[in-house]
Amino acid sequence: MNFIKTNRRYKVAVTIFIVLGFILCSLILISAIALYGFFKTGSDLSSISNESIPKIIIGTRYTDYAKNLVLEVERLSSSESETHLRISTSSINKRLIQISSLIELEGMENQQINNSINVMEKTLMELEKLVASRIQITSQIDKKQANLFKLPGEIFCFEKKETEISNNSILSELISEWSTIALETIILAGQARSEHSLYKIRNISKLLSNNFQTLTDLSVNMPQSLKGRAIELETLLYEEILGITGILPMLIEQQTILSKSTARANLSRSLVKDLETLTINIFNSEINATEEKSGSLSLWINRLVLIFSFLVGISILITFILVSSFNRNITMRLVNLNKAVKKNDIETVKSISLKRNDEISDLSESFLYFVEEVEKRETELKKLATTDSLTLINNRRHFMVLANKEMVRIKRSKEPLVILMIDLDNFKDTNDDYGHSAGDIVLKEFSRLGLNCLRDEDIFGRLGGEEFAVFLPQTKIEDALIVADRLRTRIENYVFKYKNHKIRCTVSIGISKSFGDQIALAALLQMADEAMYIAKKAGKNRICISGESCK
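In this text the structure is predicted, and so the values were computed from the model without any measurement.

Conventions used here
Residues numbered from 1 in each chain as written. Predicted model: local features only at pLDDT ≥ 70, side-chain atom pairs only at ≥ 80, totals over all residues. Heavy atoms only, no water. Salt bridge = Lys/Arg side-chain N within 4 Å of Asp/Glu carboxyl O. Buried < 20%, exposed > 50% of the residue type's maximum accessible area, 1.4 Å probe, protein only. Phe/Tyr/Trp six-rings, centres within 6.5 Å; stacked < 30°, edge-to-face > 60°. Helix = DSSP H or I, 4+ residues; strand = E, 2+ residues; numbered from the N terminus. Lys, Arg positive; Asp, Glu negative; His and termini not counted. Contact = heavy atoms within 4.5 Å. Expected span 1.5 Å × (residues − 1). Arc of directions from axis to C-beta. Core = buried A, V, L, I, M, F, W, Y, C linked by side-chain atoms within 4.5 Å. Axes fitted to C-alpha atoms, helices over the stretch in contact; angles between N-to-C directions. Left-handed = near helix turned anticlockwise from the far one by under 90°. Nonpolar A, V, L, I, M, F, W, Y, C, P; charged D, E, K, R; others polar. pLDDT = per-residue confidence, 0-100. Pairing = 2+ DSSP bridges.

1. What to know about the pattern of salt bridges
- Using the criterion set out here, one finds eleven salt bridges in the structure.
- Among the ionic pairs, R455 bridges to E457, the shortest N-O distance being 3.6 Å.
- What makes R455 partly exposed here is its relative accessible area of 35%.
- For E457, a relative accessible area of 43% corresponds to the partly exposed category.
- D458 is the partner of R455 in a salt bridge, and the nearest nitrogen-oxygen pair spans 2.7 Å.
- A single salt-bridge network, built from bridges that share partners, covers E406, R409 and E415.

2. Structural notes on the packing of aromatic side chains
- Tallying each qualifying case throughout the model produces four aromatic pairs.
- The structure contains a cluster of three or more aromatic residues connected by ring pairs, namely F446, F460 and F468.

3. What to know about the side chain of D529
- Note that D529 resides in helix 17 (residues 521-537).
- Buried within the structure, D529 lacks any salt-bridge partner; R396 is the closest side chain of opposite charge, at an N-O distance of 8.2 Å.
- What D529 contacts, discounting residues up to four positions off in sequence, is M421 and E467.

4. Side note on the side chain of R488
- Residue position: R488 is located in helix 16 (residues 477-493).
- The class of R488 is buried, set by a relative accessible area of 14%.
- Once residues lying within four places of it in the same chain are set aside, the contact partners of R488 are V507, I509, N541, R542 and I543.

5. Comments concerning helix 16
- Compared with the 24 Å implied by 1.5 Å per residue over 17 residues, the 24 Å span of helix 16 between its first and last C-alpha is a close match.
- Those residues of helix 16 not exposed but buried are I477, A480, L481, V483, A484, L487, R488 and I491. The buried side chains of helix 16 occupy one side of the element, clustering within an arc of 165 degrees when seen end-on. Opposite the buried face of helix 16, at more than 90 degrees from it, the exposed residues are I482 and N493.

6. A short note on the nonpolar core
- By size, the foremost hydrophobic cluster in this structure holds 34 residues, and its most contacted members are L420, I422, L424, F446, F468, I509 and I511.
- At the level of secondary structure, the elements contributing two or more residues to this core comprise strand 1 (416-424), helix 15 (436-452), strand 3 (467-473), helix 16, strand 4 (496-498), strand 6 (507-515) and strand 7 (543-545).
- Among residues more than four places away in sequence, those in contact with I422 are F446, E466, E467, F468, V470, L487, V507, S508 and I509.

7. Some words on the packing of helix 15 against helix 16
- Relative orientation of the contacting elements helix 15 and helix 16 amounts to 140 degrees, with a least axis distance of 10 Å. Between helix 15 and helix 16 lies a crossing whose hand is right-handed. Across the interface between the two elements, F446, L449, G450 and N452 of helix 15 pack against L487, R490 and I491 of helix 16.
- Residue composition of the contact of helix 15 with helix 16, by class: four nonpolar, two polar and one charged.

8. Here's the deal with the confidence of the model for the protein chain
- Taken residue by residue, the protein chain gives an average pLDDT of 76. The fraction at 70 or more is 67%.
- Per-element confidence in the protein chain ranges from a low mean pLDDT of 60 for helix 11 (residues 346-355) to a high of 95 for strand 3.
- Below a pLDDT of 50 lies the segment residues 1-5, which in the model reaches two contacts outside its immediate sequence neighbourhood of four places, other chains included.

9. Regarding the pairing of strand 1
- With nine of nine residues buried, strand 1 lies mostly within the body of the structure.
- Alternating residues of strand 1 divide into P416, V418, L420, I422 and L424 and L417, I419, M421 and D423, and every residue in both groups is buried.
- In the sheet, strand 1 pairs with strand 3 via seven bridges, with the strands oriented antiparallel. For D423, the partnering residue across the bridge sits in strand 3 and is E467.

10. Details of the pairing of strand 2 (residues 459-464)
- Here strand 2 lies mainly inside the structure; five of its six residues are buried.
- Judged from the five bridges that link them, strand 2 and strand 3 form a sheet pairing that is antiparallel. Among the inter-strand pairings, R462 is bridged to a residue of strand 3, identified as F468.
- In sequence, strand 2 turns back onto strand 3 through a hairpin of two residues, with G465 there showing a positive phi of about 60 degrees.

Dropping the structure here:
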């Protein structure tokens, strides 16, 4: 079987070789005649060959160097280690030297070009320093994080040892609470490392400050024999996280440097583009002059057309005979494969893959495998892009997409609509008292209960944290109040279970409405959000309509 397959491929290779050989011979013959004709044109052809064409080639090379320089700037700005930084810097310097050499070679030096290159070099030096600073602080953060992850072991040892020694249940509970908050603080610091927003990092820093205040209060209440060790661990934890050289200040500095390096990278790209445009304008003038010289060649070239036509006719006749076999065995199969690929005709691709044992069959099988993998990944990506991973309802982005589509339809039909903005009351207390796992269970159970209270056409989504929104199309305010109160009552009476704990929860609901007045979705959400905060201020576990009293 392998011999047959090899023999078939050998015949295909021979056919290709014959066709290409004949075409090459024809091209050589035609080129010889063309060179003879160009020789007859005299000085214009010599000028094009010796002056214009080299300049155009140099211009093309410069464009390539400029594009490569843009790529090197990208590599420099994204460098993650000192080795990568050195390599990128060396490549950029090499490209700058090449560009300068080309400009000097063509006598293109002028004040504007020199200024552009000088500014570009200074900007790239600043970018290099920023990237080096970012790499250095990233390395320091890695070391700090490694040190931080050693502390849970000491905390566990402290909790276990002191709990075993103490027979006092209140003291044991105090030590356990202290350890839980300390571990939660380490987890928050680890989460900050994955954040890329300076605003979110600072928010986490505030949470960590609150945790340290709580740890301090707990340490003060411990017996004198335990207080020293607790304060020692707390101090060590604070220095590693919020201290002057802690991980949080370093993360803030890292984000600041990243923003500056991004700005410098954008500026560098712009400078390269400007310099490229400036020099291309100079080369364009040479191209225009070349076009004028080429016009004088057209008359003699017309005389060569008859000769070329004869040679091409002979070439076509012989090539047709040779290519017909090639076309039947390879080209048509490739054409059919290409059509089937464009139409996504899987059955045709399968039939092509089964006809012969050659590269085209292998290509068909590869396409079938690729299609199968793409379909799997598209399904997974669509689910990830539209669904909240915890509650399995619409995430914020998909909620806004669906709601905006409904808004377009409702604006045409003049139908009433209502938006509910829902927030779980005292949700932070649930997380603090029972842990984030309990909070996750409350969010999932709340989402399930919410779906049971809604129609199929209603749009239910999680906007973030414990905040949810419901889009109720074709709904009057009276009906919306019924839906909102049913949901509020169900949550109030429902018992959320987590391990051996029974958790109670309530919700505050804000309502905004629209009826043919074409209020924008963002405005409706804002109105509902404000009404929801009014409901919270009024005592929580209630419903408030925008512009009206709470119920």
